[in-house]
Amino acid sequence: MPDRSAAHKAVDNNYWMRQIKAAELTDDASILVVGGDRDEFASLLDHKVNASYVDADNLDSSDVLNDVEADSLDAILVRDALWQTKNPAAFFDKAQAGLKPGGHLVIMEPGITLVSWLFYSLGRDARMNFKVDPLADDQRPPRNLARPSLLFTKLENRIAFMERFPQLHITKQRWVSMLAGPLSDIRGGYSLIPESTVKGILDVEETLSPFLARWLSFRLFLVMEKRAKS
């Protein structure tokens, strides 16, 4: 069996690089990283930045996030955190306030497609609830894999998001992680692919993405830009 840790890390680093590129970071940028390992994330940067970190499962109670000053951040990068929080709207309130005009909120979360739904449904803990308001306060249980997809792919929820957070303008939304992600992170901690094949598989994903991503992907990738108040 291939080394799961090496293949999974290669895929994970690729996803972080997508987020870093989308954030358009410059030297001495002030950023907040939600869900990233401090040392591993820092090793991927080619700019000197001022970074603060929050654990993905600590989003609701993070003092770091609560202490962010208005218009102080150039970017917020979020990984696998929104599906775990019990109050996603509170996070977006803080993100909208904390970002500078022109700053970016870059999100990579679980995405529910035909294939990923089947995969998650077969698990012991499906953790998918499609009947909730994804912006409701104090959601219980907080962990809901369907929340990001509900929020950004269901029209009425997307409109509600735009009305509630008018400064957070969605500039990119993509389905990603069709092959390399799930194949390198099989339940039980196994990988079906070696690290050496990761780049090639990711290239194949990019080629197939316009035709198959909406049905086969496991992640939703979003980029938002804070616009000045009108």
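Look up a bit, the structure's there.
These figures come from a predicted structure and were not determined experimentally. (Residues numbered from 1 in each chain as written. Predicted model: local features only at pLDDT ≥ 70, side-chain atom pairs only at ≥ 80, totals over all residues. Heavy atoms only, no water.)

K.L.:
I keep staring at the overall build of the protein chain and nothing clicks. Help me out?
P.N.:
Counting its secondary structure elements, the protein chain contains 9 helices and 6 strands. For 230 residues, the compact-globule formula gives about 17 Å, and the C-alpha radius of gyration of the protein chain, at 17 Å, lands near that figure. Reported as C-alpha extents along the three principal axes, the dimensions of the protein chain are approximately 50 × 45 × 30 Å. For the protein chain, the proportion of its 230 residues judged to be buried stands at 45%. Across the protein chain, the fraction of contacts at a sequence separation of at least 24, relative to all contacts at a separation of at least 6, is 73%. Computed over 28 positive and 32 negative side-chain charges, the inter-centroid distance for the protein chain is 5 Å. (Helix = DSSP H or I, 4+ residues; strand = E, 2+ residues; numbered from the N terminus. Rg over C-alpha atoms; globule rule 2.2 N^0.38 Å. Buried < 20%, exposed > 50% of the residue type's maximum accessible area, 1.4 Å probe, protein only. Contact = heavy atoms within 4.5 Å. Lys, Arg positive; Asp, Glu negative; His and termini not counted. Charge placed at Lys NZ, Arg CZ, Asp CG, Glu CD.)

K.L.:
Sorry, what's going on with the pattern of salt bridges here?
P.N.:
Any two side chains of opposite charge can pair, on the condition that their charged atoms come close. On inspection of all chains with the given rule, the structure shows 9 salt bridges. Of the charged contacts in the structure, one is a salt bridge between K226 and D71, with a shortest N-O distance of 2.8 Å. Taken together, the residues K226 in strand β6 (residues 219-226) and D71 in the loop between α3 (63-66) and β3 (73-79) connect sequence positions 155 residues apart. K226 gets classed as buried once you look at its relative accessible area, which sits at 4%. The salt bridge partner of E206 is R174, with a shortest N-O separation of 3.3 Å. Separated by 32 residues along the polypeptide, E206 in helix α9 (residues 198-216) and R174 in strand β5 (residues 168-176) bring together distant segments of the chain. A relative accessible area of 38% means that E206 is categorised as partly exposed. Because the salt bridges share partners, they merge into one network encompassing R18, R174 and E206. (Salt bridge = Lys/Arg side-chain N within 4 Å of Asp/Glu carboxyl O.)

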